[in-house]
Amino acid sequence: MTANLTGEAHRPGRIEVVCGSMFSGKTEELIRRMRRAQFARQRVEIFKPSIDVRYSDEDVVSHDQKHIPSTPIDSSASILLLANDIDVVGIDEAQFFDMGLVDVCNELANRGVRVIVAGLDMDFRGVPFGPMPALCAIADDVTKVHAICVRCGNLAYVSHRKVENDKRVLLGETQEYEPLCRECYKKAVRSQAEG
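Residues numbered from 1 in each chain as written. Predicted model: local features only at pLDDT ≥ 70, side-chain atom pairs only at ≥ 80, totals over all residues. Heavy atoms only, no water.

Re the overall build of the protein
Looking only at helices and strands, the protein has five helices and twelve strands in total. A fraction of 70% describes how many contacts in the protein between residues 6 or more apart in sequence connect residues 24 or more apart. If you sum the accessible surface of the protein, you get close to 10,100 Å²; carbon and sulfur atoms cover 50% of it. (Helix = DSSP H or I, 4+ residues; strand = E, 2+ residues; numbered from the N terminus. Contact = heavy atoms within 4.5 Å. Areas by Shrake-Rupley, 256 points an atom, 1.4 Å probe, with all protein chains shown as cover.)

This is the structure in structure tokens:
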């Protein structure tokens, strides 16, 4: 916190984005940053899309079972209603939210709130996903994390969907998705097209 000329406390707001493919540690990093804010005695609130009930109806849970309490919501507008008197806002699975999330994050940061957003930057086709590209553009800091390609061991590029389903949103885990590097992804797509 810094003091302005009138002596009032001012918190410098900011937007931090953690993005990457599935199994890259995005949620784990979000939880780590939120826990550090809690240790610093900051007031925190974490939001997740209500459709994400893979591990828990309410908690944000990483693939390695780290968890932190959260508030499930249906739309980004709810964040503004529920984030009063909060120092740090965490948002998990941001790709599933509406495009209004960009304005919500900007408004919170302009109010002096630190906003930490985690989400997939691309869908299973390698296409930028939901509000994530715009969030990366307006962020003060972007951290791209990488999983390891399960086929060759290089850094993963995309979350490859292993099951037949063209829906853009399909919640899943290792049975449905695998992290692949660019080369292994191209081979997998070619193989699916031929098969």
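Here's the deal with helix α5 (residues 182-194)
Compared with the 18 Å implied by 1.5 Å per residue over 13 residues, the 19 Å span of α5 between its first and last C-alpha is a close match. Those residues of α5 that are buried lie in contact with β11 (158-161) and β12 (177-180). (Expected span 1.5 Å × (residues − 1).)

Some remarks on the sheet that holds strand β8 (residues 88-91)
Strand order in this open sheet of six strands is β7-β4-β8-β9-β3-β10, and the pairing throughout is parallel. Each end of this open sheet is capped by a strand with a single partner; those strands are β7 (71-73) and β10 (141-145). In this sheet, neighbouring strand axes are inclined to one another by 20° on average, regardless of whether the strands run parallel or antiparallel. Two elements, strand β3 (residues 14-20) and strand β9 (residues 114-120), share seven bridges in a ladder whose sense is parallel. Note that in β9 the partner of R14 across the bridge is R114. (Pairing = 2+ DSSP bridges. Axes fitted to C-alpha atoms, helices over the stretch in contact; angles between N-to-C directions.)

Considerations on the nonpolar core
By size, the foremost hydrophobic cluster in this structure holds 25 residues, and its most contacted members are I79, V89, I91, L108, V117 and L135. The set of elements that each furnish at least two residues to this core consists of β3, α2 (77-82), β8, α3 (100-110), β9 and α4 (132-138). Top contributing element to this core by residue count: α3, with six residues. The residues contacting I91, other than those within four sequence positions of it, are L30, F47, I79, F97, L101, C105, V115, I116, V117 and A118. In terms of nonpolar packing, the next biggest core, distinct from the first, is built from twelve residues, I31, I46, I68 and V88 among them. (Core = buried A, V, L, I, M, F, W, Y, C linked by side-chain atoms within 4.5 Å. Buried < 20%, exposed > 50% of the residue type's maximum accessible area, 1.4 Å probe, protein only.)

Some remarks on the pattern of salt bridges
One side chain can pair with another of opposite charge once the charged atoms of both are near each other. Scanning all chains against the criterion turns up ten salt bridges. Between R14 and E16 there is a salt bridge, with the nearest N and O atoms lying 3.0 Å from each other. Assessed through its relative accessible area of 29%, R14 is described here as partly exposed. Residue E16 is classed as buried on the basis of its relative accessible area, which comes to 4%. We note a salt bridge from K144 to D121, for which the minimum N-O separation is 2.6 Å. Of this pair, K144 sits in strand β10 while D121 sits in the loop between β9 and α4; the two residues are 23 residues apart in sequence, bridging distant segments of the chain. (Salt bridge = Lys/Arg side-chain N within 4 Å of Asp/Glu carboxyl O.)

Overview of the confidence of the model for the protein
Mean pLDDT over the protein works out to 87, with 83% of the residues at or above the 70 mark. Ranking the elements of the protein by mean pLDDT puts strand β1 (residues 2-3) last, at 46, and α3 first, at 98. (pLDDT = per-residue confidence, 0-100.)

Examining the layout of surface pockets
The rolling of a water-molecule-sized probe over the atoms marks out the regions of remaining empty space. When its volume is computed, the second largest pocket comes out at roughly 220 Å³. Forming the walls of the second largest pocket are 13 residues, and the residues nearest its centre are F124, R161, V163, D166 and Q192. Of all elements in the fold, only β11 and α5 reach the threshold of two or more residues within the lining of the second largest pocket. The biggest single contributor to the lining of the second largest pocket is α5, with four residues. (1 Å grid on protein atoms, 1.4 Å probe; cavity = no way out; pocket = protein on both sides within 12 Å on 5 of 7 lines; lining within 4 Å. Points joined across faces, edges and corners; volume = space filled by probe spheres on them.)

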